[in-house]
Amino acid sequence: MTTLTFDSLNPATGQVVGSHPQQSAEAVHEAVGRAEEAAAWWAGIGPAERRRRLLDYKAVITRDLRELARLVHEETGKPVGDATLEIVLAITHLDWAAKHAQKVLGRRRVATGMIGMNLSATLEYLPLGVVGVIGPWNYPVFTPMGSIAYALAAGNAVVFKPSELTPGVGVRLAELFAESVPEQPVFQTVTGLGETGAFLAKDPRVKKIAFTGSTATAKRVMAACAENLTPIVAECGGKDAFIVDSDADLPAAAEACLWGAMSNAGQTCVGVERVYVVDAVYEPFMRELTERVARVKAGEHYGPITMPGQLDIIRRHIDDATKTGKIVTGGPESVRAPYVDPVVVEDVPEDSPAVREETFGPTITVRRTRDAQEALNLANASAYGLAGTIFSRNARRAMELARAMRTGMTAINSVISFAGVPALPFGGVGDSGFGRIHGADGLREFARPKAVSRQRFALPGMNLTSFSRGQEELDRLIRLVTFLHGRRKR
Ligand code: NDP
């Protein structure tokens, strides 16, 4: 039987970067079968050896950095510098996951409390088995590695389905892993279209799916997973807000806002899409922003729109925003496929698509607010809840606002800085999904807690879990529980 193939294209030139098989249900099931065996082997070599292999993998990727960055550049169109930055971030996560897995997941004793004083108790986090990772194209190394590295460090085997736009990067990541772990296919990549991802989600031997992509696809993947009660981590899109308070460092805020919104052509799940500026500093902030935005050009500072279909969404949002709001920079003519120049629009109604829906392009809407509280209220009035930014010189006020922001992550006086701190969990609320990658939570996401209690000695006169239990024992228990828990706090 001939296997169908598909091409990955350079979005800037349309040239074919590589050709890959559209893997069938059978091929995916075979990969999962191999992964099951590899998972048992990988779990069996123990945490110290896994750490050694993962740190070696880190070194292999680091030595391949230039080559890998070139491939990311070719498949996504992003500048090589941005691709390099993305890979460096992924390397720091791989390093952290490898070094912290044993400490976070390893067996430890836990306190048993007075009623369990004759017990000893241990808790550890065991591997799940095979983890399926379904990844996007916008950061084809950094984003899936946030699941892959943590799942591998937790002792699982991984079958990875990269986006059909970046299959070559996915294949390369697995090839490099095999240099450090040649014995077993602990990390495999399967290529194909959405259908191939669906085959992976439907396989009952996959014990968890880590999905990154749109909210709509997350729902389809979750429905497929429901068949087998397969749990899922869903990292979906966002509509992140950027709040500029009255005491903010305005040049720094404008610089950060611009980069957060326009870098990677705005194709960043935690990219800046909505900007709320407190009235007192609105004009000076806008001066700083418009001065800077005038110097940023598509094709020079950032690449093309990677997914051709996204251009229609971007165009629709720009058309809508420019009809209902006031153009500051750019406009409908900024879309010159496959590039989109920066677009800044003010006073777009909060219920319009440009403010409510994820644009995933180099565009922002800016709105004046009475104060930071109003900015926060508007920021929180979104179905999404991935991340956000606060600029303020008052550390305490900024922290209060950050904590009240209904998102998984918030950066203060910087943009997206949380993504570079491997110890911080990454993920959203609402339409942005659930579950966490990165950090200790990210390691635990790919493990099952295993609780064991062991009776060390029998408690005389307190044999409560026996049919020979008498009233005396119950009376003793009531006296003990009243002593321990019976005091009112009023
Ligand atoms: P999708 O949600 O369509 O795709 C994400 C991944 O899921 C891809 O690997 C895709 O494969 C795969 N997939 C598609 N259909 C299925 C299915 N039925 N079952 C299992 N897997 C499936 O995202 P896109 O890449 O099309 O991007 C569209 C939107 O997603 C963007 O506009 C943005 O809103 C959001 N997005 C968010 C990201 C984030 O990091 N939060 C990242 C990327 C996108 P294939 O590519 O082969 O279709």
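Calculation rules
Sequence order sets the numbering: in each chain, residues are counted from 1 along the sequence as written. In keeping with the predicted nature of the model, local features appear solely for residues at pLDDT of at least 70, side-chain atom pairs appear and are counted solely at 80 or more, and the whole-chain, interface and lining totals rest on all residues. As a rule here, side-chain values cover all heavy atoms of the structure and leave hydrogens and water aside. A run of H or I in DSSP counts as a helix once it spans at least four residues, and a run of E counts as a strand once it spans at least two, with each numbered from the N terminus. What a helix is expected to span follows from its residue count: subtract one and scale by 1.5 Å. Residue exposure (1.4 Å probe, protein chains only): buried if accessible area is under 20% of the type maximum, exposed if over 50%, otherwise partly exposed. Note on definitions: a residue-residue contact is assigned when non-hydrogen atoms from the two residues lie within 4.5 Å. Within 3.5 Å is the distance limit for a polar contact, defined as a pair of N or O atoms, with the added protein rule that one can donate a hydrogen and the other accept it, and that residues adjacent in sequence qualify only through two side-chain atoms. At least two DSSP bridges between two strands are required for those strands to pair. For every element, the axis is a line fit to its C-alpha atoms; helices are fit only across the contacting stretch, and the angle between N-to-C directions ranges from 0 to 180 degrees. The term nonpolar core refers to a set of buried residues drawn from Ala, Val, Leu, Ile, Met, Phe, Trp, Tyr and Cys, joined through side-chain atoms within 4.5 Å. Any angle between 65 and 115 degrees counts as roughly perpendicular, while under 35 counts as roughly parallel, over 145 as roughly antiparallel, and the rest as oblique. Handedness of a crossing follows from how the near helix is turned relative to the far one, being left-handed for an anticlockwise turn of less than a right angle and right-handed for a clockwise one. In this count, Pro and Cys sit with the nonpolar residues alongside Ala, Val, Leu, Ile, Met, Phe, Trp and Tyr, while Asp, Glu, Lys and Arg are called charged and the others, Gly among them, polar. One heavy atom suffices: a residue is near a molecule or strand as soon as one of its heavy atoms comes within 4 Å of it. Throughout, the Shrake-Rupley method with a 1.4 Å probe supplies accessible areas, and for residues the shown protein chains are the sole cover considered. Paired rings are identified among Phe, Tyr and Trp, the last through its six-membered ring, by centres lying within 6.5 Å, and are further divided according to the angle between planes into stacked (under 30 degrees), edge-to-face (over 60) and tilted (the rest). In this analysis the charged atom, NZ for Lys or CZ for Arg, is taken to sit over a ring once it is within 6 Å of the ring centre and within 35 degrees of the ring normal.

Chemist: Describe helix 9 (residues 250–262), naming the residues involved and giving the relevant values.
Modeler: Across its 13 residues, helix 9 extends 18 Å between first and last C-alpha, which sits within 8% of the 18 Å expected from 1.5 Å per residue. Every buried residue of helix 9 is accounted for by L250, A253, A254, A256, C257, L258, G260, A261 and M262. Looking at the buried positions of helix 9, the neighbouring elements they touch are strand 10 (240–244), strand 11 (272–278), helix 10 (282–293), strand 15 (343–346), strand 16 (363–369) and strand 17 (388–391). With a side-chain oxygen lying 3.2 Å from the backbone nitrogen of A252, the N-terminal cap of helix 9 falls on D249. One or two steps after helix 9, the chain reaches N264, where phi turns positive at roughly 55°.

Chemist: Quick one: what's the story with the sheet that holds strand 20 (residues 447–455), residue by residue and with numbers?
Modeler: The strand order across the open sheet formed by 3 strands is 3-4-20, and the pairing between neighbours is antiparallel. Every other strand in the sheet has two partners, leaving strand 3 (108–110) and strand 20 as the edge strands with one partner each. On average, each strand axis in the sheet is tilted by 30° relative to the strand beside it, whichever way the strands run. Alignment of strand 4 (residues 119–127) against strand 20, held across 9 bridges, turns out to be antiparallel. Bridge assignment links Y125 to a residue of strand 20, and that residue is P449.

Chemist: If you had to explain the nonpolar core to someone new, which residues and values would you point to?
Modeler: Among the nonpolar cores identified, the biggest contains 121 residues, and I61, L173, F187, F242, F285 and I364 are the most heavily contacted of them. With 23 residues, the next largest nonpolar core counts F199, A218, C225 and C236 among its residues.

Chemist: So what about the packing of helix 9 against helix 10? Which residues, and what values?
Modeler: Direction vectors running N to C along helix 9 and helix 10 enclose 50°, while the axes themselves pass 9 Å from each other. Here helix 10 runs oblique to helix 9, going by the angle between their axes. When you trace helix 9 past helix 10, the crossing you get is right-handed. Taken together, the residues of helix 10 that come into contact with helix 9 (itself represented by L250, P251, A253, A254, E255, C257, L258 and M262) are P284, F285, E288, L289, R292 and V293. Within the contact of helix 9 with helix 10, the residues separate by chemical class into 11 nonpolar, no polar and 3 charged.

Chemist: Please give an account of the environment of R51 that cites residues and values.
Modeler: Structurally, R51 can be placed in helix 2 (residues 46–63). With a relative accessible area of 37%, R51 lands in the partly exposed category. Residues in contact with R51, not counting those within four places in the same chain, are A98 and K99.

Chemist: Tell me about the side chain of T143, residues and numbers included.
Modeler: Mapped onto the fold, T143 is located in helix 5 (residues 142–153). Judged by relative accessible area, T143 falls into the buried class, the value being 10%. In contact with T143, not counting residues within four places along its chain, are P136, N138, T212 and I437.

Chemist: Help me get a handle on the site of the ligand, residues and values and all.
Modeler: What surrounds the ligand is a group of 28 residues, the closest being G135, W137, E164, C236 and E358. In this structure, a nitrogen atom belonging to the ligand sits 3.4 Å away from a main-chain N or O atom of A198. Here Q310 contributes a side-chain N or O atom positioned 2.8 Å from an oxygen atom of the ligand. Its free accessible area being 860 Å², the ligand has 88% of it covered by the protein chains. Going through the elements one at a time, helix 7 (194–202), strand 8 (206–212) and helix 8 (215–226) are the ones with two or more residues in the shell around the ligand. A per-class count over the shell around the ligand returns 12 nonpolar, 12 polar and 4 charged.

Chemist: Which residues make up the sheet that holds strand 15, and what values go with them?
Modeler: An order of 12-15-16-11-10-17-18 is seen for the 7 strands of this open sheet, with the pairing classed as mixed. With partners counted over all chains shown, the strands left at the sheet margins are strand 12 (326–329) and strand 18 (411–412), one partner each. Across 4 bridges, the pairing between strand 15 and strand 16 is parallel. The residue of strand 16 that forms the bridge with E346 is V366.

Chemist: Pulling in residues and values, what's your account of the environment of R63?
Modeler: Among the structural elements, R63 can be located in helix 2. For the pair R63 and E300, spaced 237 residues apart in sequence, the C-alpha to C-alpha distance is 27 Å.

Chemist: How would you summarise the side chain of H93 if you had to cite specific residues and measurements?
Modeler: Topologically, H93 is positioned in helix 4 (residues 80–105). Residue classification places H93 among the buried positions, given a relative accessible area of 1%. A polar contact of 2.8 Å, which involves the side chain of H93, links it to the side chain of Y150. Aside from chain neighbours lying at most four places away, what touches H93 is F142, Y150, A419, V421, P422 and H438.

Chemist: Could you give me a rundown of the packing of aromatic side chains, with the residues and numbers involved?
Modeler: Within this structure, the stated rule accounts for 9 aromatic pairs. Each ring, one from F242 and one from F391, has its centre 5.4 Å from the other, and the planes form 20°; the classification is stacked. Of this pair, F242 sits in strand 10 while F391 sits in strand 17; the two residues are 149 residues apart in sequence, bridging distant segments of the chain. There is no split in this pair, since F242 and F391 are both buried. Through a chain of ring-to-ring contacts, three or more aromatic side chains come together here, namely W41, W42, Y57, F160, F177 and F187. The cationic tip of R487 hangs over the ring face of F483; the distance from NZ or CZ to the ring centre is 5.8 Å.

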